[in-house]
Amino acid sequence: MIEIPKMSDCLNFVNNQWVKGSGEFSPVVSPYTGKEIGRFYHSDKNDIDQAVGSALKAFHSWSKTPLKERTRIMFNFRDILLRDIDKITHIKCSESGKTFNEGKAGLLKGIEVLEFALSLQNLDTMGKMEVSRGVSCEYRRRPLGVVASITPFNFPAMVPMWTIPIALTLGNCYVWKPSEKTPLTSIAIAEALKEAGLPEGVFSVVQGSRECAEALIDHPKIKAIAFVGSTAVAKSVYQRGTTLGKRVLALGGAKNHIVLLPDANPELSGVGISNSFTGCAGQRCMAASVLLAVGDVEKHISEIKKTASSQTLGESMGAIITKEQKEFLESATERAVADGASVILDGRNAPAPKGFEGGYWLGPTILDNVKPQSEAHIKELFGPVLSIIRCKDITEAMEIENSISYGNACSVFTSNGALAEKVIEQASAGMVGVNVGVPVPREPFSFGGINDSKFGHGDITGETSLNFWSDLKKVTTKWEKQSDNNWMS
Ligand code: NAD
């Protein structure tokens, strides 16, 4: 069980020091207890100016530091995160509602991205070749300058760790605005970077909500913005940033479909699909949300229900982020019923874990016979709710999958390779799984959806992220006049 930390004040991190934001404070409330566990101070334009100013000052020296030396600091960062992993996990779970195992797994996944960044010193060697007699061309990767990141509540450490290691290792200075619902984790990450030896100004944290994020995007010295959050905000951040001529990659929400075929292994699909929609209490952008049940899959659905029913709140399943979100999920179930669905597993009124009765708890909920295009099919609910849509065949299932605007994940459960291939080819999502409930690619494969789940080009991790966080300078060199007669000689 999670140990709730003592009340802590969450400040801005500028020049490796903690400084209070100029605005009012807001509470940080634990989904486990419904009680205040900390507070953060809202940052205004001057606070952002201070953070960006310190980053600008640090940029010249940091960007000129050899890649090998920057990487050494990031190695230290990894050691510190692993040393403190349990302590950080308790903090991040207390504010986000995750179980201990989920919290730890998220941080470890973030460390995998860090390990990818550590490998750049050996892998990203750029290229140089003779392109004409006595003439060479080469690439030189150059950091952008001061970059920003705005992150959501549901992965307080993993999502920022998608970008912090790569952007810093490439020589950028980085300003992070964490979610106002989960700002406490940023203290641990900033402290770890400071202890690792990161020079003053290279990494900053500004606390706040929408106004703070917008001031950061608008700051004329911010060159690039990585955003992760809901689709409406991702779209507006993309438009706001690109209108100002900035580089923006904005990841949005999701509505992930799973195609379940009668020939699937019932045990494998039972556990895989159940864990996908109940893990992180359904509050992850890769969670299964819609089950496209093709033909007779009754025994598979019983397995899913059996595994989901065995979840224990507070142990194997976490809490919902806010009271309002819990109430929204309960009312969404009512609306689904009004739309013709039946509740075959009801998580409302599931017992709260002992000692955490004030928290925001909701058990797994399965809605059967959901109608395509109803709210339970197309709206991102972001909770442990699985909508089953009955389909006569795989063609109908893929038409339904293709009809949604999101494009994060889609999986198929089958033992038939040709049918799996059909789903892989026809799915509208950017990340596809075969007999995998949460098809998150592992490093070095990159993470990113398509359509309304991502605005901008390339992915947030992996190879294409290198080009997001840097520019390629192309250098063409000749030292002597050449004998051949072409435009380069
Ligand atoms: P959110 O969109 O409410 O907030 C995300 C961040 O945006 C926060 O830091 C918030 O302060 C900031 N923000 C809010 N309004 C803003 C505005 N107008 N301009 C700029 N910034 C603004 O999201 P959330 O509720 O914290 O997180 C859940 C959402 O994130 C879900 O939709 C989920 O699918 C999505 N998500 C997506 C991915 C992905 O990889 N695609 C990963 C994790 C979460």
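Being a predicted model, the structure only gives us computed values, none of them experimental. (Residues numbered from 1 in each chain as written. Predicted model: local features only at pLDDT ≥ 70, side-chain atom pairs only at ≥ 80, totals over all residues. Heavy atoms only, no water.)

**Thoughts on the domain arrangement of the protein chain**
Thinking step 1. Assigned domains of the protein chain: these are domain 1 (8-252 + 457-474) and domain 2 (256-434).
Thinking step 2. Taking the mean C-alpha position of each, domain 1 and domain 2 sit 31 Å from one another.
Thinking step 3. Taken together, the contact pairs 17 residues of domain 1 with 21 residues of domain 2.
Thinking step 4. Summed over both partners, the interface of domain 1 with domain 2 buries about 1,500 Å², with 65% contributed by carbon and sulfur atoms.
Thinking step 5. Taken together, the links from domain 1 to domain 2 amount to five residue pairs in polar contact (both at pLDDT 80 or more).
Thinking step 6. A per-class count over the side of domain 1 that touches domain 2 returns five nonpolar, eight polar and four charged. (Domains from an automatic or database assignment. Contact = heavy atoms within 4.5 Å. Buried area = accessible area lost by both parts, 1.4 Å probe. Polar contact = N/O pair within 3.5 Å; in protein donor to acceptor, adjacent residues only side chain to side chain. Nonpolar A, V, L, I, M, F, W, Y, C, P; charged D, E, K, R; others polar.)

**A few points about the site of the ligand**
Thinking step 1. In the vicinity of the ligand lie 30 residues, with Thr151, Glu180, Ser230, Gly252 and Glu380 positioned nearest.
Thinking step 2. Note that an oxygen atom of the ligand is positioned 3.0 Å from one of the side-chain N or O atoms of Lys177.
Thinking step 3. At a separation of 3.3 Å, a nitrogen atom of the ligand approaches a polar side-chain atom of Arg210.
Thinking step 4. For the shell around the ligand, the secondary-structure elements that each account for two or more residues are helix 7 (210-218), strand 11 (222-228) and helix 8 (231-243).
Thinking step 5. Looking at which element gives the most residues to the shell around the ligand, the answer is helix 7, with three residues.
Thinking step 6. Considering only residue class, the shell around the ligand consists of 15 nonpolar, nine polar and six charged.
Thinking step 7. Here the shell around the ligand spans two domains, and each of domain 1 (8-252 + 457-474) and domain 2 (256-434) adds at least three residues to it. (Near = heavy atom within 4 Å. Helix = DSSP H or I, 4+ residues; strand = E, 2+ residues; numbered from the N terminus.)

**Looking at the packing of helix 2 (residues 67-83) against helix 6 (residues 185-196)**
Thinking step 1. Viewed as axis vectors pointing N to C, helix 2 and helix 6 meet at an angle of 130°, and their least axial separation amounts to 8 Å. Regarding the angle of helix 2 to helix 6, the classification is oblique. Helix 2 and helix 6 meet at a crossing whose hand is right-handed. Mapping the contact onto sequence places Ile73, Met74, Asn76, Phe77, Ile80, Leu81 and Arg83 in helix 2 and Ile189, Ala192, Leu193, Glu195 and Ala196 in helix 6. (Axes fitted to C-alpha atoms, helices over the stretch in contact; angles between N-to-C directions. Parallel < 35°, antiparallel > 145°, perpendicular 65-115°, else oblique. Left-handed = near helix turned anticlockwise from the far one by under 90°.)

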